[in-house]
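Here is what each chain is made of, one letter per residue.
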Amino acid sequence: MIIPFTLNGEKTVIDIPGTKRVIDVLRENFGLQKTKASCYQGACGNCSILLDGHIVSSCTLPAFELKDRTVLTAEGYMKTEEYRRIDRAFNENSYYPCDFCRWGKIFAIHEFINSEENSSTESLTQALKGNQCNCTSPSLLLSIAEQIIKNERGTNPRPEYEHISRK
Amino acid sequence: MNIDSGDYPDYVSDIRKEGMLYAGFLRSKITEGRIRRIKIPENLPKGVSVFQAGDLDTKNFITVNKLRIPLLAAKEVRYRGEPVLLITAPTKEDLKLVRESIEIEYKEKEMLESVFSDLNGQTVLYQTLYTENDGEQPEATEPTLMSSFNTPIQEHFYPDSQGVFIEYTPARLKVIISSEWPKHVKETVKYITGLPGEKVMVMPAKSSPTFDGKIWQPSILAALASFAAVRLKKSIKLVLSKQEDILYSGKRAPGLFFIDAGIEESLKFRSLNFSFTYFCGAYFPFTKEMIETAAFGARYFYKSPSLKIRGEACSSKAPPTDFFSGISLPQFFFATEMFMNRLAKAKEVSPIELRLANLNHAFFRNINHEKKDIFPILLADLNNKTDFTRKYAAYEHMRKKKSSAFPVSVIHGIGLSTAFQANGLNMNKGRFNQVVRMSSTDEKTVKITVASIPGSRETRSVWKESAASVLGISAKNVALSYSFSDDAAANGPALLSGNISTINRLIKLCAAEMKEKRNTHGRNCEITVEKTSSDLQARNRKKYLYTSATCGAAVVEVSVKFLTMELIIEKVTLIIDCGYVNNRAVARQKIENAVIQSILWATRDESYQNLINESLFYYPGIDRIPEIEIIFCSSETGFEKGIGEIAYSLIPAALLSAIGQAINKDLKDMPISNERIFNIGEAEK
């Protein structure tokens, strides 16, 4: 099946079986190894990507679903200013998720920032619950995510962001 | 090479190389029996090879801690899932097809029902006996309480499955592997392939976020993959599937405990007897370390004028076990702390009071070089923080009145436990000694070389910050590196004697010596210093099995809905004396994770049999995690002690005691599932 789609900002066309899992397409056909395969059941969140700006598990997504859509993986999202701000907030709080769950957590925060959800702890908890990993502290993730979302949504002053953009 | 610089392979599963072969196992489907016949189709796809035990000839084993462990089952299989064949194929699809096309006929002995189902048939692999008596004859009186306790297996969860990549070139084998004991991998590959040391290069990939569970089993993968690579003259990638990884990688060994004790009016023990058995699966090379560690807990945690300890490690028909956080102490502390809570209930005294009367305060002063008794401080602070004594008395009152008094919609329970985490094993120093080497050529940068580094960036950052703070340089200028040579810093394994805090202490010692040498030798000359865990022993006034002990106590509060018997863990509070804390944010994360995993261990309703059908490790989402409060107690200890393991020893007993109080039942066995709680609760209603 010939599938045209946009991957990390570049238009691409690929000829593959339409039922191939997107996680395998990204890792095997495009060598995008930051997206990790783990449970293959859509449960752990390690294979998260952004499909048309929304977080999805790529292990349960068939390749035909990519047709004419936009995919952003960790490799592409790393180049954004938003990523740099999130990464900085993680580092400043000594929060270092492992390479497997890191992107699922970051994409969940990204999705929340851009959603209409209110910033309550309850709704944020629901947004972050799709990541199963034992590498870091869930409560620290919650508090850092709250801080990031407050800043991103403009309810707090953002002096440090200006500093980053100057860099 | 610097681990954070990007020139290291991250994970074995990420590695791809043109022309490489994929390797996988065909495993035994029976628990115990003889292999009658292996039927391999004649028309295998091109490029596919199948290896049997016979192909390895006399080298079908690895040696770990003097124990020979077979690589592929030859005539007998000893556990379900034991590798029988190694298959290599050019594609993953071919590998799957070949796996499905091979038939193995067995003569089966019997099916596994549970690890406890055939105690009489088990082989005792190691036994320890210890008796202490002050000359009195306490045996004349009946014990106040005797009880038995069971703990289940605990599976490791790795985001990256165990695996190895062998890059084959005629000049050398490059072994990229997720292992905590690269030195052992190298020795094994040298033996299996017959290659000299200079032709084998072991590069550790990132291991799991925490240390543990990849001590000796990766050597089996390395041995088989390197054998196939040399035989076929091809690069080989062997990565376990998620299901294989969960089912067959090293687990925490189950334990069975019998404890009895006699107690005086003063609440002090007059006698204390422990008898315990750990079931180690088909193979386990560290039975002595395991049993002596549990015996260490039994000997020193509580004191009694009469003390008897009988501990043994038995083989079982389950897959081989491996070390898990705390080695064997979490199982021991579950049993002991449950026993203490039952004793307090039977004597109608406060669990805190009972512990304070019997804790071995002198031992903790000695091993940690402290003047103050730490547990009275910990328990007083914990009591103040949680209001334990008042709540415990109130819930006990409710428990006794529950059947006849006022109906309630929610029933409450609160449980307490105390434990220690043993740090720095003083055993087999020749083999397991941990080494840190630090070198520099100028005053701004240093390189630290260690045997194995966990995948956790928190740990790496703490190590770097420790070196940087002593040397007065930026942590960015500290590089962490594995050792690729056969010399000292390639020793290990990482867990047995060199946990994270031990290595951190060695890094600080190295940094202090380097600073001194810079003053005398000059700031820009080449300096190398090296410290081993033996350097920490000099501080140990009395020779204990371990170098230091992290002390802690925990309270778990639960509620159970009376109608549905649904369990809600309301709050977990831990107080820990882990000495100097390098980075509180990092320490909190480590402890919080251990709390969550220990809750999983205590509450999962999984027998090994049920797990066979699963390929997904259940880890709760952020919405299902209880409130966890961690309090660090400032002690006099100037050095850091381990933090990653104590929660496994503290939480299960406190949790099950709290549940038992809520549902008015003396619980003895883990795990306690919602279904079990429902059944017990319904019976009590």
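Parameters at a glance
- Residues numbered from 1 in each chain as written.
- Chains lettered and ligands numbered in written order.
- Predicted model: local features only at pLDDT ≥ 70, side-chain atom pairs only at ≥ 80, totals over all residues.
- Heavy atoms only, no water.
- Contact = heavy atoms within 4.5 Å.
- Salt bridge = Lys/Arg side-chain N within 4 Å of Asp/Glu carboxyl O.
- Polar contact = N/O pair within 3.5 Å; in protein donor to acceptor, adjacent residues only side chain to side chain.
- Helix = DSSP H or I, 4+ residues; strand = E, 2+ residues; numbered from the N terminus.
- Nonpolar A, V, L, I, M, F, W, Y, C, P; charged D, E, K, R; others polar.
- Pairing = 2+ DSSP bridges.
- Axes fitted to C-alpha atoms, helices over the stretch in contact; angles between N-to-C directions.
- Parallel < 35°, antiparallel > 145°, perpendicular 65-115°, else oblique.
- Left-handed = near helix turned anticlockwise from the far one by under 90°.
- Disulfide = S-S within 2.5 Å.
- Buried < 20%, exposed > 50% of the residue type's maximum accessible area, 1.4 Å probe, protein only.
- Right-handed = clockwise from strand over helix to strand, strands pointing away.
- Domains from an automatic or database assignment.
- Buried area = accessible area lost by both parts, 1.4 Å probe.

So, about the interface of chain B and chain A. Across the contact, 32 residues belong to chain B and 32 residues belong to chain A. Linking chain B with chain A are three salt bridges. Among the salt bridges present, the one from D14 of chain B reaches K36 of chain A, with a minimum N-O distance of 2.4 Å. Linking chain B to chain A there are 12 residue pairs in polar contact (both at pLDDT 80 or more). Elements with a contribution of two residues or more to the side of chain B that touches chain A: α12 (457–471) and α16 (584–603) of chain B. Looking at side-chain class alone, the side of chain B that touches chain A contains 13 nonpolar, eight polar and 11 charged residues.

The next thing to look at is the sheet that holds strand β24 (residues 527–532) of chain B. Where strands meet in a sheet, backbone hydrogen bonds hold them as pairs that are either parallel or antiparallel. Residues and elements named next belong to chain B. Spatially, β23-β22-β21-β24 is the arrangement adopted by the four strands of the open sheet, whose pairing is mixed. Among the strands making up the open sheet, the edge pair consists of β23 (478–482) and β24. Taken pair by pair, the neighbouring strands of this sheet meet at an average axis angle of 20°, ignoring direction. Examined bridge by bridge, strand β21 (residues 435–440) and strand β22 (residues 446–450) share three bridges and lie antiparallel to one another. Directly across from R437, in β22, lies its bridge partner T449. Across the sheet, helix α14 (residues 500–521) lies against β21, β22 and β24, angled at about 145° from β24, the strand it touches most.

To continue, consider the packing of helix α4 (residues 102–113) of chain A against helix α6 (residues 138–152) of chain A. In a pair of packed helices, the angle between the axes and the distance between the axes together describe the arrangement. All names here are of chain A. Where α4 contacts α6, the axes come no closer than 10 Å and their chain directions differ by 40°. Here α4 is positioned oblique relative to α6, judged by the angle of their axes. You can see that α4 and α6 cross each other, and the crossing is right-handed. Where α4 approaches α6, its residues K105, I109, F112 and I113 are matched on the opposing element by L141, A145, I148, I149 and E152. Taken together, the residues of the contact of α4 with α6 break down into seven nonpolar, no polar and two charged.

All told, the structure shown has zero disulfides over all chains when counted by the stated rule. Not engaged in a disulfide, the cysteine C44 of chain A finds its nearest cysteine sulfur in C39 of chain A; these two sulfurs lie 3.7 Å apart. With no disulfide of its own, C314 of chain B has C280 of chain B as its nearest cysteine by sulfur position, at a separation of 7.7 Å.

Turning our eyes to something else, we now look at the packing of helix α3 (residues 81–92) of chain A against α6 of chain A. Residues and elements named next belong to chain A. For the pair α3 and α6, the least separation of the axes is 10 Å and the interaxial angle reads 140°. In the crossing of α3 with α6, the sense of the turn from one axis to the other is right-handed. Contacts from E82, R85, I86, A89 and F90 in α3 reach I144, I148 and E152 in α6. Partitioning the contact of α3 with α6 into residue classes produces five nonpolar, no polar and three charged.

This brings us to the pairing of strand β14 (residues 200–204) of chain B. In summary, the side chains of a regular strand alternate between the two faces of the sheet. All names here are of chain B. In terms of residue burial, β14 counts as a mostly covered element, since five of its five residues are buried. By the alternation rule, side chains of β14 split into V200, V202 and P204 and M201 and M203, which are all buried. The pairing of strand β13 (residues 173–177) with β14 spans five bridges and is parallel. Each residue of the ladder has a partner; that of I177, found in β14, is P204. Since β13 and β14 lie parallel, the crossover through helix α2 (residues 182–193) that links them has a hand, and here it is right-handed.

In this section: the side chain of S94 of chain A. Relative to the assigned elements, S94 of chain A resides in the loop between α3 and α4. A relative accessible area of 13% means that S94 of chain A is categorised as buried. Leaving out residues up to four positions away in the same chain, S94 of chain A has contacts with L140 of chain A together with E458, N583, A585, V586 and Q589 of chain B.

Cis geometry marks the peptide bond from M670 of chain B to P671 of chain B; its omega dihedral reads -10°. The residue P671 of chain B is located in the loop between α18 (646–663) and α19 (674–684) in this model.

With that settled, the discussion passes to the pattern of salt bridges. All names here are of chain B. This structure, assessed with the given rule, holds 35 salt bridges over all chains. Note that E312 and R310 form a salt bridge whose closest N and O atoms lie 3.2 Å from each other. Through salt bridges that share partners, K385, K571, E627 and E629 make up one connected network.

Residue and element names in this part refer to chain A. The domain architecture assigned to chain A consists of domain 1 (2–74) and domain 2 (81–162). Using only C-alpha atoms to locate each centre, domain 1 and domain 2 end up separated by 23 Å. On the domain 2 side, the residues contacting the 16 residues of domain 1 number 12 residues. Together domain 1 and domain 2 conceal approximately 1200 Å² of surface at their shared face, both sides included; 58% is due to carbon and sulfur atoms. Here domain 1 is connected to domain 2 by zero salt bridges. At the boundary of domain 1 with domain 2, the tally comes to two residue pairs in polar contact (both at pLDDT 80 or more). Within the residue set of the side of domain 1 that touches domain 2, elements represented by two or more residues are β3 (48–51) and β4 (54–57). Top contributing element to the side of domain 1 that touches domain 2 by residue count: β3, with three residues. When the residues that make up the side of domain 1 that touches domain 2 are grouped by side-chain class, the tally is eight nonpolar, six polar and two charged.

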